[in-house]
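What follows is each chain in one-letter form.
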Amino acid sequence: MDAANIAVAAKYIGAGLAAIGTGAAGIGVGTLFGQFLNGALRNPSAVDGQFGRLIFGFAVTEALGIFALLIAFLLLFAV
Amino acid sequence: MAEAGPAINPIEQFSILKIVDIHIAGHDFSLTNSSLYMMIAVALSCGLMAIGAAGGSGVPGRMQAMAEMAYEFVAGMVRSAAGESGMRFFPLVFCLFMFILLCNLVGLVPYSFTVTSHIIVTVSLALLVFFTVVIVGVMENGLHFFKLFVPSGVPIYILPLVVAIEIISFLSRPLSHSVRLFANMLAGHITLNVFGGFVVMLLGAGALTKALAVLPFAMTIGLDALELLVAFLQAYVFTMLTCMYLNDALHPGGH
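About the criteria used
- Residues numbered from 1 in each chain as written.
- Chains lettered and ligands numbered in written order.
- Predicted model: local features only at pLDDT ≥ 70, side-chain atom pairs only at ≥ 80, totals over all residues.
- Helix = DSSP H or I, 4+ residues; strand = E, 2+ residues; numbered from the N terminus.
- Rg over C-alpha atoms; globule rule 2.2 N^0.38 Å.
- Buried ≥ 20, exposed ≤ 12 C-beta atoms within 10 Å, placed from the backbone.
- Contact = placed C-beta atoms within 7 Å.
- Core = buried A, V, L, I, M, F, W, Y, C linked by C-beta atoms within 7 Å.
- Axes fitted to C-alpha atoms, helices over the stretch in contact; angles between N-to-C directions.
- Parallel < 35°, antiparallel > 145°, perpendicular 65-115°, else oblique.
- Left-handed = near helix turned anticlockwise from the far one by under 90°.
- Nonpolar A, V, L, I, M, F, W, Y, C, P; charged D, E, K, R; others polar.
- Expected span 1.5 Å × (residues − 1).
- pLDDT = per-residue confidence, 0-100.

Colleague: An account of the overall build of chain A is requested, with residue identities and associated values reported.
Modeller: Scanning chain A from terminus to terminus reveals two helices and zero strands. Against the compact-globule benchmark of 12 Å for 79 residues, chain A has a radius of gyration of 19 Å, which places it well outside the compact range. Reported as C-alpha extents along the three principal axes, the dimensions of chain A are approximately 65 × 20 × 10 Å. Considering chain A as a whole, with its 79 residues, one finds that 15% of them fall into the buried category. A sequence separation of at least 24 residues applies to 94% of the contacts in chain A between residues at least 6 apart.

If you want it as structure tokens, here you go:
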């Protein structure tokens, strides 16, 4: 096996490792919506006022998963 | 990548192409597809607002209702995040919101170009916000602006550490602010392109696999809907963070 093949293999392994980060973001988003639903079922009247914060938290959490996905894509296509 | 790569290169959609070559005094001022789509976004937002404001009737039509909704949405955001004194910066925040939203939405049209998927654009916008916050904060509050880095109620022995963390987090703001928008748009468009590429690959592979091409096609449609949400959401988040940072500049003690 020559060095070029090892480099390609390392690239794909790195991309796969980076994609683990999206799962971590999945935990975050799940916690976010779970906790929101938990609170929302206890006090349904407060749901409408907090919806903006829910979406905001979702976007900020989701962005971290996107960062990991970005690294994976960069390794796959740009390196 | 040259060897064993996919037939469709998902990065290719982000390449900047020159449309009109313009060189002034040795500098490259060429009209590229990036600047063309920025102009389209600006023209669309100006057109929406101009048509929406032209009627001025008591019973709004479609365009006027849309323009008023956009105005009210951003105005509500500025008021809730930065207070009534933050309304001085409403024009800046509104321009940022409309520009980013329309760049994102125009980029979703197939075969078009997404301006906000280039980090140079988002970093420029984030640095604009960052320096606005620093300059306004120092002008408004003088040295009190630096109370931003010294939270109240922190025990004295841990204060140096907290101040260091606050300063680092303040300086890293433009980075996270810009990378969030850029990475979301980039990753979303690459994902769309990869799934679109699956459709083409399956169609080209043989008669048996042609029927399977429906699956990634359906996925592409679903992802497109998600991207529509993300396009709006990221414009909202960028503007919301801008409002929060402006709030820090206007009321530095209050956090």
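Colleague: Which residues make up the overall build of chain B, and what values do they have?
Modeller: Helices and strands together make up the secondary structure of chain B, namely eight helices and four strands. Counting helices and strands in the order they occur from the N terminus, chain B gives β-β-β-β-α-α-α-α-α-α-α-α. Across its three principal directions, the C-alpha atoms of chain B cover 70 × 55 × 45 Å. Counting across all 255 residues of chain B, residues that qualify as buried make up 30%. In chain B, 64% of the contacts between residues at least 6 apart in sequence involve partners at least 24 apart.

Colleague: Just give me the short version of the nonpolar core, but keep the residues and values in it.
Modeller: Among the nonpolar cores identified, the biggest contains 55 residues, and Val-93, Phe-97, Ile-100, Ala-187 and Leu-246 of chain B are the most heavily contacted of them. When contributions to this core are tallied by element, the ones reaching two or more residues are α2 (47-78) of chain A together with α1 (33-55), α2 (62-82), α3 (90-107), α4 (119-141), α6 (173-205) and α8 (214-250) of chain B. Among residues more than four places away in sequence, those in contact with Ile-100 of chain B are Thr-116, Leu-181, Ala-235 and Phe-238 of chain B.

Colleague: Could you give me a rundown of the packing of α4 of chain B against α8 of chain B, with the residues and numbers involved?
Modeller: All names here are of chain B. Where α4 meets α8, the closest approach of the two axes is 8 Å, and the angle between their N-to-C directions is 20°. Between α4 and α8, the angle falls in the class roughly parallel. Seen along the crossing, α4 lies across α8 with a hand that is right-handed. Where α4 approaches α8, its residues Val-129, Val-133, Val-136, Gly-137 and Glu-140 are matched on the opposing element by Thr-242, Tyr-245, Leu-246, Asp-248, Ala-249 and Leu-250. When its residues are assigned to classes, the contact of α4 with α8 shows seven nonpolar, two polar and two charged.

Colleague: Lay out the interface of chain A and chain B with the relevant residues and their values.
Modeller: The interface of chain A with chain B comprises 13 residues on the first partner and 15 residues on the second. Of the residues forming the side of chain A that touches chain B, the biggest block, 12 residues, is contributed by α2 of chain A. Its residues assigned to classes, the side of chain A that touches chain B shows 13 nonpolar, no polar and no charged.

Colleague: I'd love a proper account of the packing of α6 of chain B against α8 of chain B, names of residues and values included.
Modeller: Helix-helix packing: each pair is described by the crossing angle between the helix axes and the interaxial distance. All names here are of chain B. Relative to each other, α6 and α8 sit at 175°, their axes nearing to 10 Å. One finds that α6 runs roughly antiparallel with respect to α8. For the contact of α6 with α8, the residue count by class is 16 nonpolar, seven polar and four charged.

Colleague: Help me get a handle on α6 of chain B, residues and values and all.
Modeller: With 33 residues, α6 of chain B extends 47 Å between its outermost C-alpha atoms, agreeing within 8% with the 48 Å of an ideal straight helix rising 1.5 Å per residue. Where α6 of chain B terminates, the next one or two residues include Gly-206 of chain B, which has phi positive at roughly 160°.

Colleague: If you had to explain α4 of chain B to someone new, which residues and values would you point to?
Modeller: Given a rise of 1.5 Å per residue, 23 residues ought to cover 33 Å, and the 32 Å separating the end C-alpha atoms of α4 of chain B matches this to within 8%. Downstream of α4 of chain B by one or two residues, Gly-142 of chain B has phi in the positive range, about 60°.

Colleague: How would you summarise unusual backbone geometry if you had to cite specific residues and measurements?
Modeller: Residues and elements named next belong to chain B. We note that Tyr-111 has phi near 70°; this positive angle belongs to a residue other than glycine. Here Tyr-111 shows up in the loop between α3 and α4. The class of Tyr-111 is exposed, set by 5 C-beta atoms lying within 10 Å.

Colleague: Tell me about the environment of Val-199 of chain B, and name the residues and values.
Modeller: All names here are of chain B. Within the secondary structure, Val-199 is located in helix α6. Expressed as a C-alpha distance, the spacing of Val-199 and Thr-220, which sit 21 residues apart in the sequence, is 9.2 Å. Beyond its immediate sequence surroundings of up to four residues, Val-199 is in contact with Ala-213, Pro-216, Phe-217 and Thr-220.

Colleague: Please provide a residue-by-residue account of the environment of Ala-164 of chain B, values included.
Modeller: Residue and element names in this part refer to chain B. With respect to the element layout, Ala-164 can be found in helix α5 (residues 159-171). The exposed category is assigned to Ala-164, around which 11 C-beta atoms lie within 10 Å. Between the alpha carbons of Ala-164 and Val-199 there is a distance of 51 Å; along the sequence they are 35 residues apart.

Colleague: Residue-level account of the confidence of the model for chain B, with values.
Modeller: Residue and element names in this part refer to chain B. Averaged over every residue, the pLDDT of chain B is 85; the share at 70 or more is 96%. Here strand β3 (residues 27-28) is the element of chain B with the lowest mean pLDDT, 76, and α3 is the one with the highest, 93. Confidence drops under a pLDDT of 50 for residues 1-5, and excluding neighbours within four residues, the segment shows one contact in the predicted structure. ipTM for the predicted complex: 0.70, alongside a pTM of 0.84.

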